[in-house]
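Take a look at the letters that make up each chain.
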There are 4 protein chains.
Amino acid sequence: MKRRADTATRIIQAAESLFAEQGFNETTMRQITAVAEVNLAAVNYHFRSKQGLVNAVCERLMEPLCDYIEKALDERLSSGLAVSLDELLEMLMRALLSVSHINSHSLAVFMRLLELAYMKNQEELREFFITQYAPRLEKYLQCLRLDAAPMEDNEFFWRLHFMLGSVIFTLSNYHMLLTLEKKSFQGNVEIEQILHRMIPVLSAGLQARAEKAYFCRL
Amino acid sequence: MKRRADTATRIIQAAESLFAEQGFNETTMRQITAVAEVNLAAVNYHFRSKQGLVNAVCERLMEPLCDYIEKALDERLSSGLAVSLDELLEMLMRALLSVSHINSHSLAVFMRLLELAYMKNQEELREFFITQYAPRLEKYLQCLRLDAAPMEDNEFFWRLHFMLGSVIFTLSNYHMLLTLEKKSFQGNVEIEQILHRMIPVLSAGLQARAEKAYFCRL
Amino acid sequence: MKRRADTATRIIQAAESLFAEQGFNETTMRQITAVAEVNLAAVNYHFRSKQGLVNAVCERLMEPLCDYIEKALDERLSSGLAVSLDELLEMLMRALLSVSHINSHSLAVFMRLLELAYMKNQEELREFFITQYAPRLEKYLQCLRLDAAPMEDNEFFWRLHFMLGSVIFTLSNYHMLLTLEKKSFQGNVEIEQILHRMIPVLSAGLQARAEKAYFCRL
Amino acid sequence: MKRRADTATRIIQAAESLFAEQGFNETTMRQITAVAEVNLAAVNYHFRSKQGLVNAVCERLMEPLCDYIEKALDERLSSGLAVSLDELLEMLMRALLSVSHINSHSLAVFMRLLELAYMKNQEELREFFITQYAPRLEKYLQCLRLDAAPMEDNEFFWRLHFMLGSVIFTLSNYHMLLTLEKKSFQGNVEIEQILHRMIPVLSAGLQARAEKAYFCRL
DNA sequence: TATGAATGAGCGTTCATTCAT
DNA sequence: AATGAATGAACGCTCATTCAT
């Protein structure tokens with residue numbers, strides 16, 4: 001039995017916590033290694049570079065999420081019954097909730113990673129997401145599409161990102177949002193609540209009838 | 001007649017463009033002054049510090065937005081007729097659109113500023129928003145509340161932030177999203193389209209019936 | 001009648017005060033012009049450079065000191081009676097006291113200037129002292145020599161600098177020394193006291209019999 | 001066997017040399033690291049900051065000085081015979097001489113450090129001296145007091161600082177003073193000579209009868 | 001496997017000075 | 001006589017990374 005966790009694990013845990021609080025570029029290797037109580041060079045030794053550590057954090061989060069969704073979706077589809085939009089969203093929320101159990105900051109850092117992947121100069125991370133994980137979630141997205149209001153492909157593309165924005169923003173900042181709501185943090189209880197509250201909102205958003213014309217011609 | 005714009009303005013414009021593309025901490029003063037074609041020390045001369053420049057950028061965006069919304073809401077309310085949720089959202093979108101005319105990156109940097117304000121260590125910026133601009137938007141939020149589904153205060157708080165997440169995420173990354181949609185950027189046309197597309201989604205999200213119980217007890 | 005002093009004078013006064021508190025290199029042009037409530041460029045306009053300002057401060061202090069000593073010494077010598085060492089030192093102290101009336105920091109900045117002149121890279125200032133003021137004080141030094149214990153030239157050279165060290169150190173730091181003595185500053189009263197206290201000490205030091213051999217051969 | 005000294009030592013030695021010649025604020029980290037032939041960042045790595053380097057230099061000088069004086073005084077006192085003022089001063093001079101062997105600039109930089117500690121804005125350094133070293137020198141000062149002329153506490157306070165001024169000024173600038181004396185520098189021989197020359201002067205100064213009244217009432 | 005030492009590049013900031021008005 | 005704007009140079013410091021052990 002080990003007295004202290006594996007060095008690489010300690011680093012990842014420290015990194016997740018700091019990434020969640022401060023963001024990636026704002027977190028220094030010195031901070032990470034200080035919190036992890038390991039040598040400064042250990043990050044480069046174990047993960048090659050800071051970006052390598054970010055990727056490792058990414059994997060540790062995306063893998064169980066994809067696993068969960070794939071498995072849950074297959075189980076549900078095997079019943080033969082039609083799957084409702086709310087069921088699909090609850091499936092997603094449960095997947096996120098399972099990720100949140102990795103540690104208390106994992107959801108926030110996860111969402112920050114997704115944010116980061118949309119930044120112009122993060123081609124590598126973006127490519128990593130697209131090639132590694134996009135295919136595994138495709139079936140889930142097709143199900144969503146079927147339950148959403150009828151709309152064209154590009155409309156669905158944007159709706160997905162409106163939804164993604166809600167999820168990312170809320171979970172990235174949920175610690176701060178709880179503070180602003182003037183409630184003290186009580187762990188996963190609130191995360192469940194927040195995730196649950198999103199379901200009807202996202203559901204309504206995806207099912208809202210798309211309008212053809214728009215308001216403003218300048 | 002001046003051959004080139006005022007130094008301070010050139011700096012702000014360069015900063016907005018770079019902030020929008022890269023974020024604040026990722027943008028260096030050397031990048032800003034190189035793009036603006038001014039001396040490195042000019043930023044400190046005109047804005048005291050990098051943070052001072054961020055604040056200046058912030059003001060230049062928030063002021064016209066608040067002006068627009070206050071004015072438009074007062075005009076609309078003076079008619080005496082009830083204001084629908086879609087009207088309120090269109091009002092917001094038009095306000096954002098007016099900000100987008102400042103320059104092609106202003107909406108993105110604006111949204112990044114809002115994101116930033118929710119970060120733990122940005123108390124100063126957050127306080128700036130809360131004291132300077134929150135009061136000016138209160139009346140608008142009350143109108144939103146009246147048109148939303150009946151719900152408790154904290155439910156409304158979260159709904160607002162779900163909605164805010166959609167707006168912030170989409171507009172922060174709209175350049176990248178357009179790229180992913182495989183369409184080339186054609187200026188404000190797309191922004192209008194995106195803003196318009198949000199209205200029914202946000203409207204449906206705010207009007208969705210809140211559920212009392214939630215799914216998961218661990 | 002002028003409502004505010006001449007710009008150049010205001011600058012000198014501000015500079016003296018700041019130089020006395022912080023030293024020369026530690027005092028910035030911005031601090032000086034802020035205290036003087038003049039434009040930043042005014043220093044360069046009136047004094048060509050920061051060094052030019054230092055020289056101006058120097059002149060404003062050395063001129064009256066030399067005047068005082070020359071005049072007092074000539075008056076005293078014209079009586080035909082022999083001049084005692086204590087009289088000479090009191091003459092010096094009164095000269096310093098007269099300088100201290102220029103403003104409350106003038107003695108401290110004066111002493112700091114003398115310190116500075118002994119620094120390796122301050123050849124210009126050192127040359128300025130030597131060519132401008134050394135000749136005017138020569139007669140006074142000769143009188144000191146006559147009243148000191150008999151000793152060789154180089155011994156006298158060092159004794160003078162031991163004495164100079166006492167004066168410079170004490171007056172450079174007299175504000176701080178008063179603080180350490182746990183007494184509050186009450187203006188020129190203390191300076192008089194301190195100057196007076198130095199006389200018997202310096203007198204005894206100059207009159208002490210020089211020893212030929214010294215203690216340590218390694 | 002190492003071909004070149006330890007990096008930290010090289011830095012300290014370069015720093016001492018430059019500090020002695022130019023002062024602290026006038027010496028840049030780039031100068032230090034250039035002379036030491038080490039990387040610019042090495043100073044921060046080994047000493048955390050420039051101030052940290054100053055503190056390290058300080059410790060390297062004060063420690064052996066205090067050790068020397070404490071040990072020499074205890075030895076001398078254990079003989080049971082009364083200690084004369086000249087003996088005490090010679091003890092001090094030998095202590096300074098032992099410090100001067102650290103390297104050719106160590107006494108000058110030491111004296112500059114003492115000067116610095118009396119500056120208004122150097123509270124930290126001053127506190128460092130007071131808490132770390134003042135207690136270790138207290139016994140020595142009490143012996144000085146016993147051998148000095150009878151006088152009140154505050155008179156003794158000032159006399160000590162007159163004496164300190166002589167020592168600090170002379171040793172801070174002894175290189176320059178030798179130059180002005182038109183003699184070339186020949187290493188520790190001159191330092192011994194200068195230190196020795198101070199003894200009768202300081203001794204006479206401390207033993208001079210204090211006067212009660214003073215000369216000038218304005 | 002792990003680490004203390006070291007490094008090149010770059011950071012935000014400040015400096016005394018200059019220049020056009 | 002005076003000033004707001006601007007500048008080149010340099011500042012102390014921190015960064016992620018590398019390397020010898």
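Every value quoted in this text rests on a predicted model; they were computed, and no experiment measured them. Per-chain numbering applies: the sequence of each chain, read as written, is numbered from 1 onward. Ligands are numbered from 1 and chains lettered from A, in the order in which they are written. Local features are withheld for residues below a pLDDT of 70 in this predicted model, meaning they are given only at 70 or higher, and side-chain atom pairs are given and counted only at 80 or more; totals for whole chains, interfaces and linings count all residues. Only heavy atoms go into the side-chain values, all of them from the structure, while hydrogens and water stay out.

Colleague: So what exactly am I meant to see when it comes to the relation of the copies chain B and chain A here?
Modeller: Both copies of the chain are related by a screw-like operation: a rotation about an axis and a shift along it. The two copies are related by a screw operation: chain B maps onto chain A through 179° of rotation and 0.0 Å of translation along the axis, at an RMSD of 0.2 Å. Classification of the inter-copy transformation places it as that of a two-fold axis. Here 97% of the contact residues of chain B are again contact residues in chain A; the copies associate through an equivalent surface. In superposing the copies, a least-squares fit is computed on C-alpha atoms, taking residues whose pLDDT is at least 70 in both. Should any heavy atoms of two residues lie within 4.5 Å, those residues are counted as being in contact.

Colleague: Is there a simple way to think about the UniProt feature "domain: HTH tetR-type" (unreviewed entry) in chain A in this case?
Modeller: UniProt positions are given in the numbering used here, feature names are shortened, and annotations may be inferred rather than shown by experiment. In this structure's numbering, the residues bearing the UniProt feature "domain: HTH tetR-type" (unreviewed entry) are residues 5-65 of chain A. Counting secondary structure, residues 5-65 of chain A comes out at 75% helix and 0% strand; the distance between its end C-alpha atoms is 24 Å. Under the DSSP-based scheme used, a helix requires at least four consecutive residues in state H or I and a strand at least two consecutive residues in state E, with every element numbered from the N terminus.

Colleague: Help me understand the interface of chain B and chain A in this model?
Modeller: Many authors give the size of an interface as the accessible area that is lost as the parts come together. The interface of chain B with chain A comprises 60 residues on the first partner and 58 residues on the second. Summed over both partners, buried area is the accessible surface (1.4 Å probe) that two parts give up on being assembled. Approximately 5,700 Å² of surface area, both sides summed, lies buried where chain B meets chain A, with 67% of it carried by carbon and sulfur atoms. The salt bridge definition used is simple: a Lys or Arg side-chain nitrogen within 4 Å of an Asp or Glu carboxyl oxygen. Linking chain B with chain A are four salt bridges, by the criterion used here. Of the charged contacts, one joins Lys120(B) and Glu21(A) as a salt bridge, the two residues approaching to 3.5 Å between their closest N and O atoms. Polar contacts, as counted here, are pairs of nitrogen or oxygen atoms within 3.5 Å of one another; within protein the pair requires one atom able to donate a hydrogen and one able to accept it, and residues that are adjacent in sequence qualify only if both atoms are side-chain atoms. Put simply, chain B and chain A have eleven residue pairs in polar contact (both at pLDDT 80 or more) between them. Of all the elements in the fold, those that place two or more residues in the side of chain B that touches chain A are α1 (7-22), α5 (85-100), α6 (106-117), α9 (153-172), α10 (174-180) and α11 (188-207) of chain B. Classes in brief: Ala, Val, Leu, Ile, Met, Phe, Trp, Tyr, Cys and Pro nonpolar; Asp, Glu, Lys and Arg charged; the others, Gly included, polar. Here the side of chain B that touches chain A is composed, by residue class, of 30 nonpolar, 13 polar and 17 charged.

Colleague: What am I meant to see in the UniProt feature "transmembrane region" (unreviewed entry) in chain A here?
Modeller: Feature annotation in UniProt places "transmembrane region" (unreviewed entry) on residues 156-174 of chain A, given in this structure's numbering. Along residues 156-174 of chain A, the helical share is 95% and the strand share 0%, with 26 Å between the first and last C-alpha atoms.

Colleague: What is the right way to read the side chain of His105(B) from this model?
Modeller: Among the structural elements, His105(B) can be located in the loop between α5 and α6. Among all residues touching His105(B), those that are not within four sequence positions of it are Glu16(B), Ser17(B), Ala20(B), Glu21(B) and His175(B).

Colleague: Sorry if this is basic, but what is going on with the protein's contact with DNA strand E here?
Modeller: If a single non-hydrogen atom of a residue is within 4 Å of a molecule or strand, that residue counts as near it. Taken together, 29 residues lie near DNA strand E, and Asn39(A), Thr28(B), Thr7(D), Asn39(D) and His46(D) sit nearest. Sugar plus phosphate, as a fraction of atoms of DNA strand E within 4 Å of the protein: 58%. Between a base nitrogen of DNA strand E and a side-chain N or O atom of Tyr45(D), the distance comes to 3.2 Å. Here a phosphate oxygen of DNA strand E and a side-chain polar atom of His46(D) are 2.4 Å apart. Among the elements of the structure, α3 (42-47) of chain A, α2 (29-36) and α3 (41-47) of chain B, α2 (29-36) of chain C together with α3 (41-47) of chain D are those that each provide at least two residues to the surface near DNA strand E. Classifying every residue of the surface near DNA strand E gives ten nonpolar, 14 polar and five charged.

Colleague: Would you mind showing me how to read the protein's contact with DNA strand F here?
Modeller: Surveying the vicinity of DNA strand F reveals 29 residues, the closest of which are Thr7(B), Asn39(B), His46(B), Asn39(C) and Thr28(D). Within the side chain of Thr28(D), an N or O atom sits 3.3 Å from a phosphate oxygen of DNA strand F. If you list the elements that add at least two residues to the surface near DNA strand F, you get α2 (29-36) of chain A, α3 of chain B, α3 (42-47) of chain C together with α2 (29-36) and α3 of chain D. With three residues, the top contributor of residues to the surface near DNA strand F is α3(B).

Colleague: Even after reading the chapter, I still don't get helix α5 (residues 85-100) of chain C, so can you show me in this structure?
Modeller: Every α-helix carries 3.6 residues per turn, so stepping three or four residues along brings you back to the same face. Expected helix span is taken as 1.5 Å per residue step, with the number of steps being one fewer than the number of residues. Between its first and last C-alpha, α5(C) extends 23 Å over 16 residues, near the 22 Å set by a 1.5 Å rise per residue. The rule is simple: take the accessible area with a 1.4 Å probe, protein chains only, and divide by the maximum for that residue type; under 20% is buried, over 50% is exposed, in between is partly exposed. Buried residues of α5(C): Leu85(C), Leu88(C), Leu89(C), Met91(C), Leu92(C), Met93(C), Ala95(C), Leu96(C), Leu97(C), Val99(C) and Ser100(C), and no others.

Colleague: What exactly am I supposed to notice about the state of the cysteines here?
Modeller: By definition, a disulfide links two cysteine residues through a covalent bond between their sulfur atoms. Note that a disulfide, as used here, is simply two cysteine sulfur atoms within 2.5 Å. Per the stated rule, a full pass over the model turns up zero disulfides over all chains. This cysteine, Cys143(C), is not joined by any disulfide, and Cys66(C) carries the nearest cysteine sulfur, 15 Å off. Residue Cys143(C) is classed as buried on the basis of its relative accessible area of 12%. The thiol sulfur of Cys66(D) is not disulfide-bonded, and the nearest other cysteine sulfur, from Cys58(D), lies at 9.7 Å.

Colleague: I tried to follow the packing of aromatic side chains on my own but got confused; where do I start?
Modeller: For any pair of aromatic rings, geometry is given as the distance between the ring centres together with the angle between the planes. Any Phe, Tyr or Trp ring, taking Trp's six-membered ring, that has another such ring centre within 6.5 Å forms a pair; planes under 30 degrees apart are called stacked, those over 60 apart edge-to-face, and the others tilted. All chains considered together, the criterion is met by 23 aromatic pairs over all chains. Ring centres 4.7 Å apart and planes at 55° place the aromatic pair Phe19(D) and Phe24(D) in the tilted group. Neither Phe19(D) nor Phe24(D) differs from the other in exposure class; each is buried. Through a chain of ring-to-ring contacts, the aromatic side chains of Phe128(A), Phe129(A) and Tyr133(A) assemble into a single cluster.

Colleague: Help me understand the pattern of salt bridges, please; the structure alone is not making it clear to me.
Modeller: Overall, the coordinates contain 52 salt bridges over all chains when judged by the stated rule. The residue Lys139(C) makes a salt bridge to Asp74(C) at a minimum N-O spacing of 3.0 Å. Note that Lys139(C) is positioned in helix α8 (residues 134-147) and Asp74(C) in helix α4 (residues 50-78), a separation of 65 residues in sequence. Taking the relative accessible area as the measure of exposure, Lys139(C) reaches 43% and is therefore partly exposed. When its relative accessible area of 40% is taken as the criterion, Asp74(C) is described as partly exposed. In this structure, Arg76(D) and Glu87(D) form a salt bridge, with 2.7 Å as the shortest nitrogen-oxygen distance. Residue Arg76(D) is found in helix α4 (residues 50-78), and its partner Glu87(D) is found in helix α5 (residues 85-100); the two are separated by eleven residues along the sequence. The class of Arg76(D) is buried, set by a relative accessible area of 18%. For Glu87(D), a relative accessible area of 31% gives the class partly exposed. Among the charged side chains, a salt-bridge network with shared partners connects Glu63(A), Asp67(A), Glu70(A) and Arg136(A).

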